[in-house]
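Chain by chain, the residues run as shown.
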Amino acid sequence: MEEREFTQGNQTSLLGYLKSMRETRDILSWCNREFVNDTARTFFKHLLFWSMLSRAVSLAYPYLMGMGIDGLYQHNLTFAIIAVVGIALTYVLGSVFEWRAGHFIELTLGENLRTMDHRINKIFFAKNLGLHLEEGGKLTQENMEKGWNRFDMVQKSILFSGVDSGLTLVLSLLMLFLISPVCCLIIAATLVGNFLISLSLNRLVTVYMEPVESMFRALTRKRGERWQGVERVVTSGRDGEEIEVMNQEFTKALEADRKIWLAYIRGTMPRSLLAGFSVTLAGLYAGWRVWEGHMAVVDVVPILTWAGMASQQMRFLARVEREVNWCTPSLKSLRHSLSLPNQLAQIDQPIVLNDGPVEVEFDGLGHSYDHKRHAKNGSAVQVLSGLTFTVRPGEKIALIGPSGAGKSTVTRLVQRYMDPEQGVIRVNGRDLREISLSSWRRLVGYIPQTARVFDGTLRDNLLYSLSSADRAQISDEQIWEIMRLLRIDFGARLTHGLDTRVGRNGVKLSGGEAQRVMIGAAAIKRPRFMIIDEATSSLDAENQAAVQSGIDQLLAQEEASAIIIAHRLSTVLRCDTFVVLKPVDSLAPGESQIETIAHSVPELFARSEIFRTLAKLEGVSLAA
Ligand SMILES: Nc1ncnc2c1ncn2[C@@H]1O[C@H](COP(=O)(O)OP(=O)(O)OP(=O)(O)O)[C@@H](O)[C@H]1O
Ligand SMILES: [Mg+2]
């Protein structure tokens, strides 16, 4: 991480200050645009109205106090009675107005949170999956959560304190102006001083906080990963070291963080001094006016109270500003991730695929994940190169090749996680980029290399890829039928049948059981194109054979095509076609990665050196 050296003296020009202020403003107005809807705006208007009344009533209090003292002093019963009744009324009305204001604060907060939650989810899931796979990308859980929390903090700070303080400041200056314009001017002048101090403090935070925030984010990500991977940490005997390293990293981030905030807090001191000075000056002026006989002594009470209130509000507003500044880097990061452009080429009227047999054609496919990464010879590090083959309706294709050859990448491209850099994928003769992705996804069943079972029941997991209408229609008997076929019927372990809970991340399932649940979930969709990526690697030989024949039956029923990837050759020998990939680093630039395409095992054995080597290592005989 790039760490900027922090020295308090090097905050540059006023132009720089203004730029960082503009950035904070831009981020807040982005939040406002994205996360504040019309309903919340209406609530906010109500909130302003009631807060204004509540503040006005509280400001009347010192005036009435002055009037009461005056009444007592001059034996003027009317004044005294007005003052007492008025003060009682300010309490009653004040409570009612505050209740209404509080009511609308709550409604505004809730509405904004709801909108934000919804927007973030919507934008997060709408990003193409390739973006989520990017190393160092900002589309991460930590980034989203932190932005979420910081937005909540900013809105609470503004709604609970900012609005109240802002209104009190404006109203007390107004009241001061009515009684003594000069006192009002004195207090208002401190506003300018406050503004200038804020500019420099704001710069301090926005410039230096960002690298510190990113240190904290990296730490949170690492901590989360280690917590999730508690098993690996402890069984590797690394727990003690991990705790120490995390503590050191945290201390380092904290020290950088502290440097900034201590300077910030030190920088706020002149603000308090300025406030004290201005109230004293206003008091001196009022005292002088009374001394000279130009002002009633009772006017000094409201003048001093309002002057004090106004400068106190400036302090409160500074606190709000500090909180906003504190949150800005995370909000900036959230804005950055949510604004990442979708990498998929979009067309206006995509072709909608109907249910039916599917043919998928890979034509000269080439891809690299990171364009900026270059091999020693200066070319981009290719993952796929010159891949050309077709999966016909009902055909089962085995994708064979060494680890890292790009097999899973093919499955990602065919599901449009990203568009290929070279070549075209066609579905039923049409470029995949012209096809409605949701209609394509309805036809595809995908069993990923790593099982991802969600907390919930077995039924929830099995029906996960069905639409709500289909979920409502499918009967338990149909589910059990598929479960039996794919060996998901775990017998007595299913204590509550389909409603047995599988635990967080499927923790209550064995590796092989989780894999079978994933296979079931893809099969229950009755897809027309199945992608099976190492789906049976955790199964024993007997279960694997049974599950395999279950999958074969299901594929045959739907006349479905399939791409099947497996390291164990016995898994793929029943396929119709075999595509063998060469290791990508053995290729000349632009050379096709396909070593052999064969249509039977003997042909494969005769033509593919890679296959012969693998078969020998696994002891697979041709008779298999
Ligand atoms: N998200 C990613 N970002 C950058 N590079 C990646 C990413 N995913 C995979 N790669 C790289 O792409 C290459 C192909 O990966 P892929 O997962 O497609 O291989 P594979 O053939 O499925 O391997 P395996 O048999 O081990 O599953 C690998 O060298 C890998 O390092
Ligand atoms: Mg893979």
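The structure displayed is predicted, hence computed values, not measured ones.

A few points about the overall build of the protein
Summing up its helical and strand segments, the protein has 19 helices and 10 strands in all. In terms of C-alpha radius of gyration, the protein reaches 35 Å, well past the compact-globule figure of 25 Å for 624 residues. Principal-axis analysis of the C-alpha atoms places the extent of the protein at approximately 120 × 60 × 55 Å. A fraction of 79% describes how many contacts in the protein between residues 6 or more apart in sequence connect residues 24 or more apart.

What about the site of ligand 1?
Taken together, 14 residues lie around ligand 1, and Y369, S403, K407, S408 and T409 are the ones closest in. Here the residues of the shell around ligand 1 are counted per class, giving 4 nonpolar, 7 polar and 3 charged.

Quick look at helix α10 (residues 407-414)
An α-helical segment advances 3.6 residues per turn. Residues three or four places apart therefore align on the same side. Taken across its 8 residues, α10 has 7 buried, putting it largely inside the fold. All of the buried residues along α10 are K407, T409, V410, T411, R412, L413 and V414. Looking one or two places after α10, you find R416, whose phi comes out positive at around 60 degrees.

Structural notes on the packing of helix α2 (residues 38-74) against helix α5 (residues 141-179)
One can describe the packing of α2 onto α5 by two numbers: an axis separation of 9 Å at closest approach and a directional angle of 45 degrees. For the element pair α2 / α5, the angle class is oblique. Relative to α5, the crossing made by α2 is right-handed. Side by side, α2 and α5 meet where L47, L48, S51, M52, R55, A56 and L59 of the first sit next to V163, D164, L167, T168, L171, S172 and M175 of the second. Residue composition of the contact of α2 with α5, by class: 9 nonpolar, 3 polar and 2 charged.

Remarks on unusual backbone geometry
Glycine aside, residues mostly have negative phi, and peptide bonds are mostly found in the trans state. Here R416, not a glycine, exhibits a phi torsion of approximately 60 degrees, which is positive. With respect to the helices, strands and loops of the structure, R416 is situated in the loop between α10 and β4 (422-427). The backbone of N428 shows a phi angle near 45 degrees, a positive value even though the residue is not glycine. Along the chain, N428 falls in the loop between β4 and β5 (430-431).

Quick word on the confidence of the model for the protein
Looking at the protein as a whole, its pLDDT mean stands at 89, while 95% of the residues score no less than 70. Low confidence marks residues 1-11, where pLDDT is under 50. Its contacts with residues over four positions away, or in another chain, come to 16 contacts.

Focus on the sheet that holds β5
Strand order in the open sheet made by the 4 strands is β2-β1-β4-β5, with antiparallel pairing throughout. Among the strands making up the open sheet, the edge pair consists of β2 (384-391) and β5. α10 contacts β1 (360-367), β2 and β4 of the sheet and is inclined by roughly 115 degrees relative to β1.

Remarks on the environment of F49
Topologically, F49 is positioned in helix α2. Residues F49 and L384, spaced 335 residues apart in sequence, show a C-alpha to C-alpha distance of 63 Å.

Remarks on the pairing of strand β3 (residues 396-400)
Burial within β3 is extensive, with 5 of its 5 residues counted as buried. The two faces of β3 match: K396, A398 and I400 on one face and I397 and L399 on the other face are all buried. Bridge analysis of β3 against strand β8 (residues 561-565) gives 4 bridges, and the strand direction is parallel. The residue of β8 that forms the bridge with L399 is I565. As paired elements, β3 and strand β9 (residues 577-581) share 4 bridges and run parallel to each other. Its bridge partner being in β9, I397 is matched across the sheet by T577.

Side note on the domain arrangement of the protein
Here the domain parsing of the protein yields domain 1 (28-338) and domain 2 (360-617). Distance between the C-alpha centres of domain 1 and domain 2: 53 Å.

A look at the pairing of β9
Taken across its 5 residues, β9 has 4 buried, putting it largely inside the fold. Where β9 lies against strand β10 (residues 594-598), 4 bridges are found, and the strand directions are antiparallel. Looking across to β10, one finds that F578 is bridged to A598.

Focus: the packing of helix α8 (residues 239-291) against helix α9 (residues 300-338)
Closest axis-to-axis distance for the α8/α9 pair is 9 Å, and the angle between their directions is 170 degrees. Taken together, α8 and α9 sit at an angle that is classed as roughly antiparallel. Relative to α9, the crossing made by α8 is right-handed. Counted together, Y264, T268, R271, S272, A275, S278, V279, A282, G283, A286, G287 and V290 of α8 and V300, I303, L304, A307, G308, S311, M314, R315, A318 and R322 of α9 form the full contact between these two elements. Split by residue class, the contact of α8 with α9 holds 12 nonpolar, 7 polar and 3 charged.

Reading the values: rules and limits
- Residues numbered from 1 in each chain as written.
- Chains lettered and ligands numbered in written order.
- Predicted model: local features only at pLDDT ≥ 70, side-chain atom pairs only at ≥ 80, totals over all residues.
- Helix = DSSP H or I, 4+ residues; strand = E, 2+ residues; numbered from the N terminus.
- Rg over C-alpha atoms; globule rule 2.2 N^0.38 Å.
- Contact = placed C-beta atoms within 7 Å.
- Near = placed C-beta within 6 Å.
- Nonpolar A, V, L, I, M, F, W, Y, C, P; charged D, E, K, R; others polar.
- Buried ≥ 20, exposed ≤ 12 C-beta atoms within 10 Å, placed from the backbone.
- Axes fitted to C-alpha atoms, helices over the stretch in contact; angles between N-to-C directions.
- Parallel < 35°, antiparallel > 145°, perpendicular 65-115°, else oblique.
- Left-handed = near helix turned anticlockwise from the far one by under 90°.
- pLDDT = per-residue confidence, 0-100.
- Pairing = 2+ DSSP bridges.
- Domains from an automatic or database assignment.

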